[in-house]
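What the coordinates show
Here is how the chains run, residue by residue.
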Amino acid sequence: MIQLKAGQNVPLTGDVVRFGAKADAALDVSALVVAENLKVFAPEDFVFYNQPSAPGVRLDKDEVTVALPEVRGDAKAVLLVVSADPAVPGRPGGLGTVTATLSENDRAAAEFVVTPSAGEAALICLEVYRRGTGWRLRAVGQGYAGGLGVLLTAHGVEVEDEPADPSARTGSAAQTGDVPQPTGARPPGPGVHTMAGPMASEARSAVAAPLEVGHGLERLWMIFEDAARSAAALVSARDYAAKRLDQELSAAVADPATRNTPAADAARRAAQQRADELIATAESNHQRDSAQLVRELADADLMLPPALASWDSPAWDKPVTPSDGIRLGELYARERGTLRVPYCVPVPLNRPLWIDTESTRAVAPVVAALLSRLLTSAPGRRTLVDVIDLTGAFGAFTGLLAPVLNGPPVTDHADISERLQALVQAAELAELAFTSGMGSPPKEHRILIAADFPHGYQSSDAQRIGSLIVRGELIGLSTVIIGGDETDSGDATVAMLAQSCRHLPTVDGTPLFDPWTGSPWQLDLDELPQDAGLLARYLRTH
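Residues numbered from 1 in each chain as written. Predicted model: local features only at pLDDT ≥ 70, side-chain atom pairs only at ≥ 80, totals over all residues. Heavy atoms only, no water.

Quick reminder of the rule: UniProt positions are given in the numbering used here, feature names are shortened, and annotations may be inferred rather than shown by experiment.
Under an unreviewed UniProt entry, the name given to the chain is Stress response protein SCP2, and the organism recorded is Nocardia tenerifensis. According to its UniProt record, the chain has this under Sequence similarities (unreviewed entry): "Belongs to the CAPAB/TerDEXZ family."

Structure (structure tokens):
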């Protein structure tokens, strides 16, 4: 049985898969049959205790069974979900460690262990999704602090806090009336939904890579996956050729009586030739794959929105179109050739970005590039930017941001708490409105740039940022933190905050590992030179 890591995916070979999960907390399991945009087609695509079946998907006690050939043909994926059982008193800290398992044809095939870091009460554990004519399994681990109701609305299910007919409640969880019930009055079709929760239609909730799918973002992640698998095949062939060559050379000299004979020399030459041929074939295949991916990237760059496109793309000279993600930079590996693959994440940022650096000024061009893409990602919504810049590192471009700044950049540590608390209060009010049934999708895209962290910040400020990580999606917040890596900090709050972020290394030689094969990649982060003309072109605030 394979032990999955977050983002890892594997092929499925069986026709029937079965999902279950265990945790210290009492769990309900459920499933969502979703379209390409990760939203349900109709309320009937949510499988739970009160609606235990959909075509190809069935809930039986505490397990979900998926008969893959019977899943509706236009479905992109089946999301496998756990949530806190409301019939049981809540556990402090949320679900705790969840162990999700998947069986194929009654044989245990995969296990995924995930520990939500922010007290989440609902979790997408696994995704069974189509790829070509087959099916694959992906480890997700996306948590929702707002619970099952937030998760459902993010995926297009209309919910109501109480069923219209209390006598219709069935099942242990429903006895409390705390589980959101899908409503029935809704036209079918992917993407047709009314959000009662915290996410706008153009800002769907996505999960940690690589369940970062939808439109341009999905295309770029599929190219990345293909590049990762081609790279892994090349590395595997090289390793195998070296191992076999070593074995054959050892065999050729094993007998002292023939070690220095022409026959031994011929055996050594033949072994070397076989190794060279194997490596040459692998490298040729890798070059072929890379050339194809370069063509795909060039074609895609002509159609991508600016938030995902290269700096040379014509998209920057056209009216801005919305995007489901932003581009952070390019991944490469010199020992595997010249291919460079865009590294992208969804927006609003489902995980805060943490730029690892001891010098905020040194990464100012990186922050400017991030801002340029974030500002173009949601042109249909007002953008508000809060900047904490204690060292004045961003002075070259904060003036250009004046139309979208939510107040002057914070340059005095005494003003940090007030600015962060205002964001926390906005998120808490949005959460209160949502839990009372009065919530609405955020009308703004908010961006927080917290530089020089944690120097000059109070411990309570770290707690405020942690609160924003949990509730930020309710106000459409994307958070970027700049500072040294604090994952091993002696301050438990700071360490937990650092561990919950997506870290972007700035030191050469610090690898990132792809989630499919574990191959190492170097990351070149995008930068905007501090040239006034280029900054004005790319930092669009209108």
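That was the structure; now back to the text.
Quick word on the sheet that holds strand E24 (residues 520-525)
Just so we agree on the cut-off: Think of it this way: DSSP has to see at least two bridges between two strands before they count as a pair. Helix numbering and strand numbering both begin at the N terminus, where a helix is a DSSP run of H or I of at least 4 residues and a strand a DSSP run of E of at least 2.
What the 4 strands build is an open sheet, ordered E17-E16-E24-E23; its pairing is antiparallel. Strands at the two margins of the open sheet, each flanked by one partner only, are strand E17 (341-346) and strand E23 (512-513). One ladder, built from 4 bridges, connects strand E16 (residues 325-332) with E24; its direction is antiparallel. Its bridge partner being in E24, Leu331 is matched across the sheet by Leu523.

Examining the nonpolar core
Keep this limit in mind: For this analysis, a nonpolar core means a set of buried residues of the types Ala, Val, Leu, Ile, Met, Phe, Trp, Tyr and Cys, connected via side-chain atoms within 4.5 Å. Each residue is assigned to one of three classes by its accessible area relative to the maximum for its type, calculated with a 1.4 Å probe on protein chains only: buried under 20%, partly exposed between the two thresholds, exposed over 50%. Domain borders in the structure are assigned automatically or taken from a domain database. The criterion used for residue contact is that any of the two residues' heavy atoms lie within 4.5 Å.
Residues Phe394 and Phe397 are the most contacted members of the largest nonpolar core, which totals 63 residues. When residues in this core are grouped by element, the largest group, 9 residues, is from helix H4 (residues 364-377). Here this core gathers at least three residues from each of two domains, domain 2 (216-317) and domain 3 (347-435 + 443-507). Excluding residues that lie within four positions of it along the chain, Phe394 makes contacts with Thr360, Ala364, Val367, Val387, Asp389, Ile449, Ala451 and Ile482.

What about the sheet that holds strand E18 (residues 353-356)?
Here is the rule: Note on geometry: axes are C-alpha line fits, over the in-contact stretch for helices, and angles between N-to-C directions span 0 to 180 degrees.
Ordered by their spatial adjacency, 5 strands build an open sheet running E19-E20-E21-E18-E22, and the pairing between neighbours is parallel. Sheet topology places strand E19 (382-388) and strand E22 (502-505) at the edges, where each strand pairs with a single neighbour. Geometrically, the sheet is characterised by an average inter-axis angle of 15 degrees between neighbouring strands, direction not taken into account. Sheet topology note: the E18/strand E21 (residues 477-483) ladder contains 4 bridges and is parallel. Its bridge partner lying in E21, Leu353 is registered against Val480. Each of E18, E19, strand E20 (444-450) and E21 is contacted by H4, which is oriented at about 170 degrees to E20, the strand it contacts most.

Quick look at helix H8 (residues 492-499)
Selection criterion: It is the directions from the helix axis to the C-beta atoms whose arc is reported. In protein, a polar contact means a hydrogen-donor-capable atom and an acceptor-capable atom, both N or O and within 3.5 Å, with residues adjacent in sequence counting only if both atoms are side-chain atoms; elsewhere, any N or O pair within 3.5 Å suffices.
For H8, the full list of buried residues reads Val494, Ala495, Leu497 and Ala498. One side of H8 holds all its buried residues, which, seen down the axis, span an arc of 160 degrees. Turned more than 90 degrees away from the buried face of H8 sit Ala492 and Gln499, all of them exposed. Where the residues of H8 are buried, they touch E18, helix H7 (459-471), E21 and E22. Regarding H8, its N-cap is Asp491, as a side-chain oxygen of that residue lies 2.9 Å from the backbone nitrogen of Thr493 further along.

Side note on the pattern of salt bridges
Where charged atoms of side chains with opposite charge meet at close range, the side chains can pair. Formally: Only one rule defines a salt bridge in this text: a Lys or Arg side-chain nitrogen within 4 Å of an Asp or Glu carboxyl oxygen.
One pass over the structure, following the stated rule, counts 26 salt bridges. For Arg138, the salt bridge is made with Glu127, and the minimal N-O distance between the two is 3.1 Å. With a gap of 11 residues between them, Arg138 in strand E13 (residues 134-144) and Glu127 in strand E12 (residues 122-131) connect regions that are remote in the sequence. Exposure remark for Glu127: the relative accessible area of 1% places this residue in the buried category. A network of salt bridges, in which partner residues are shared, links Arg131, Arg136, Glu225, Asp226 and Arg229.

So, the packing of H7 against H8
This is how the line gets drawn: By definition, any crossing whose near helix is turned counterclockwise from its far helix by less than a right angle is left-handed, and any crossing with a clockwise turn is right-handed.
Here H7 crosses H8 at 35 degrees, and the two axes come no closer than 9 Å. Between H7 and H8 the crossing geometry is left-handed. The segment H7 lies against H8, with Ala462, Gln463, Ile465, Gly466 and Ile469 engaging Thr493, Val494 and Leu497.

Details of the packing of aromatic side chains
Rules: The aromatic pairing rule takes the rings of Phe, Tyr and Trp, using the six-membered ring of Trp, and pairs them if the centres are within 6.5 Å, calling planes under 30 degrees apart stacked, those over 60 edge-to-face and the rest tilted.
Per the counting criterion, the structure on display carries 11 aromatic pairs. Measuring from centroid to centroid gives 5.3 Å for Trp221 and Phe224, while their planes differ by 50 degrees, and the two rings are tilted. One end of the pair, Trp221, and the other, Phe224, are both in helix H2 (residues 215-252), 3 residues apart, so they sit about a helical turn from each other. By relative accessible area, Trp221 is classed as buried at 5%.

Here we look at the side chain of His286
Mapping His286 onto the fold places it in helix H3 (residues 262-301). A residue is classified by how much of its surface remains accessible, and His286, at 7% relative accessible area, is buried. Setting aside chain neighbours within four positions, we find His286 in contact with Ser230, Ala231, Leu234 and Arg336.

Topic: the confidence of the model for the chain
Put simply, the test is: Per-residue confidence from the prediction method is given by pLDDT, with values spanning 0 to 100.
Scored by pLDDT, the chain comes out at a mean of 84, with 87% of its residues at no less than 70. In this model residues 161-179 is a low-confidence stretch, pLDDT under 50, and it forms 30 contacts with partners more than four residues away in sequence or in other chains. This stretch, residues 184-214, has a pLDDT under 50; its non-local contacts, to residues over four places away or in other chains, come to 107 contacts.

Focus: the environment of Gly337
Residue position: Gly337 is located in the loop between E16 and E17. Using a relative accessible area of 37% as the deciding quantity, one classes Gly337 as partly exposed. It is 9.4 Å that separates the C-alpha atoms of Gly337 and Ala231, two residues lying 106 residues apart in sequence.

A look at the packing of helix H6 (residues 416-435) against H7
Let me state the cut-off plainly: By the definition adopted for this analysis, an angle is roughly parallel if under 35 degrees, roughly antiparallel if over 145, roughly perpendicular if from 65 to 115, and oblique otherwise. Side-chain classes follow a simple rule in which Ala, Val, Leu, Ile, Met, Phe, Trp, Tyr, Cys and Pro form the nonpolar group, Asp, Glu, Lys and Arg form the charged group, and the remainder, Gly included, forms the polar group.
Two elements in contact, H6 and H7, have axes separated by 9 Å at closest approach and are oriented at 30 degrees. On the basis of the axis angle, H6 is roughly parallel to H7. The interaxial crossing formed by H6 with H7 has left-handed handedness. Contacts between H6 and H7 involve Ile416, Ser417, Leu420, Gln421, Leu423, Val424, Ala427, Glu428 and Glu431 from the first element and Asp461, Arg464, Ile465, Ser467, Leu468 and Arg471 from the second. Split by residue class, the contact of H6 with H7 holds 7 nonpolar, 3 polar and 5 charged.

Description of H7
Applicable threshold: Multiplying 1.5 Å by the residue count of a helix minus one yields the expected span of that helix.
Compared with an ideal rise of 1.5 Å per residue, which puts 13 residues at 18 Å, H7 spans 19 Å between its outermost C-alpha atoms and is within 8% of the ideal. Regarding H7, the residues found buried are Asp461, Ala462, Arg464, Ile465, Ser467 and Leu468. Those residues of H7 hidden inside the fold are in contact with H6, E20, E21 and H8.

Details of the pairing of E12
E12 sits mainly inside the fold: 8 of its 10 residues count as buried. Relative to E12, strand E9 (residues 77-84) runs antiparallel, the two being bridged by 7 bridges. From the neighbouring strand, Leu80 faces E12, where its bridge partner is Leu126. Joining the antiparallel neighbours E12 and E13 is a turn of 2 residues, in which Gly132 adopts a positive phi near 65 degrees.

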